[in-house]
Amino acid sequence: PPLTDADLRLYFHMMANISQNKVLVDSYKSNISKAEIWQFDDSTRLMLNNIVMSDSRDEHIYHEMLVIPALIAAEMPRNVLIIGGGEGASLREVLK
């Protein structure tokens, strides 16, 4: 299929730093979505439908903002329920 404007914007955005090493680690496409994992020098990115969903360079910020307000709101957060959290980053923030 021909490239769309969105495909071209994504390509040029990702390739902006020509000296940066980029490797497509894995990809999966279904009838409704496309997932890709890219390795960029020292970081890894998960992209769903050409949108960056997670980047190892800044994912800690997202998980801190997700977890810390709940921990502050609890007087004594001894027991914590994490629903989802498959990558373990929310647990990492809880245990800090």
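Residues numbered from 1 in each chain as written. Predicted model: local features only at pLDDT ≥ 70, side-chain atom pairs only at ≥ 80, totals over all residues. Heavy atoms only, no water.

### Some remarks on the packing of aromatic side chains
No. 1: One pass over the structure, following the stated rule, counts one aromatic pair.
No. 2: On the basis of an interplanar angle of 45° and a centroid distance of 6.0 Å, the ring pair of Trp38 and Phe40 is categorised as tilted.
No. 3: Judged by relative accessible area, Phe40 falls into the buried class, the value being 0%. (Phe/Tyr/Trp six-rings, centres within 6.5 Å; stacked < 30°, edge-to-face > 60°. Buried < 20%, exposed > 50% of the residue type's maximum accessible area, 1.4 Å probe, protein only.)

### Quick look at a nonpolar patch on the surface
No. 1: A surface patch of nonpolar side chains, about 570 Å² in accessible area, is lined by Val23, Val25, Ile37, Leu46, Leu48, Ile51 and Met53.
No. 2: Looking at the nonpolar patch, the elements with two or more residues in it are strand S1 (22-29), strand S3 (43-48) and strand S4 (51-55). (Patch = residues over 30% accessible without salt bridge, like charges linked within 9 Å, V, L, I, M, F, W, Y side chains within 5 Å. Areas by Shrake-Rupley, 256 points an atom, 1.4 Å probe, with all protein chains shown as cover. Salt bridge = Lys/Arg side-chain N within 4 Å of Asp/Glu carboxyl O. Helix = DSSP H or I, 4+ residues; strand = E, 2+ residues; numbered from the N terminus.)

### With respect to the sheet that holds S3
No. 1: In space, the four strands of this open sheet follow the order S1-S2-S3-S4, with antiparallel pairing throughout. With partners counted over all chains shown, the strands left at the sheet margins are S1 and S4, one partner each. In this sheet, neighbouring strand axes are inclined to one another by 20° on average, regardless of whether the strands run parallel or antiparallel.
No. 2: Looking at chain direction, S3 and S4 are connected through four bridges and run antiparallel. Each bridged residue has a counterpart across the sheet, and for Met47 the counterpart in S4 is Val52. (Pairing = 2+ DSSP bridges. Axes fitted to C-alpha atoms, helices over the stretch in contact; angles between N-to-C directions.)

### Some words on the pairing of S3
Put simply, side chains in a regular strand alternate between the two faces of the sheet.
No. 1: What you see with S3 is a clean split: Ser43, Arg45 and Met47 sit on the buried side and Thr44, Leu46 and Leu48 on the side with no burial.
No. 2: As defined by bridge partners, strand S2 (residues 34-40) adjoins S3 across six bridges and the pair is classed as antiparallel. By the bridge assignment for S3, Ala35 is matched with Leu48.
No. 3: In sequence, S3 turns back onto S4 through a hairpin of two residues, with Asn49 there showing a positive phi of about 50°.

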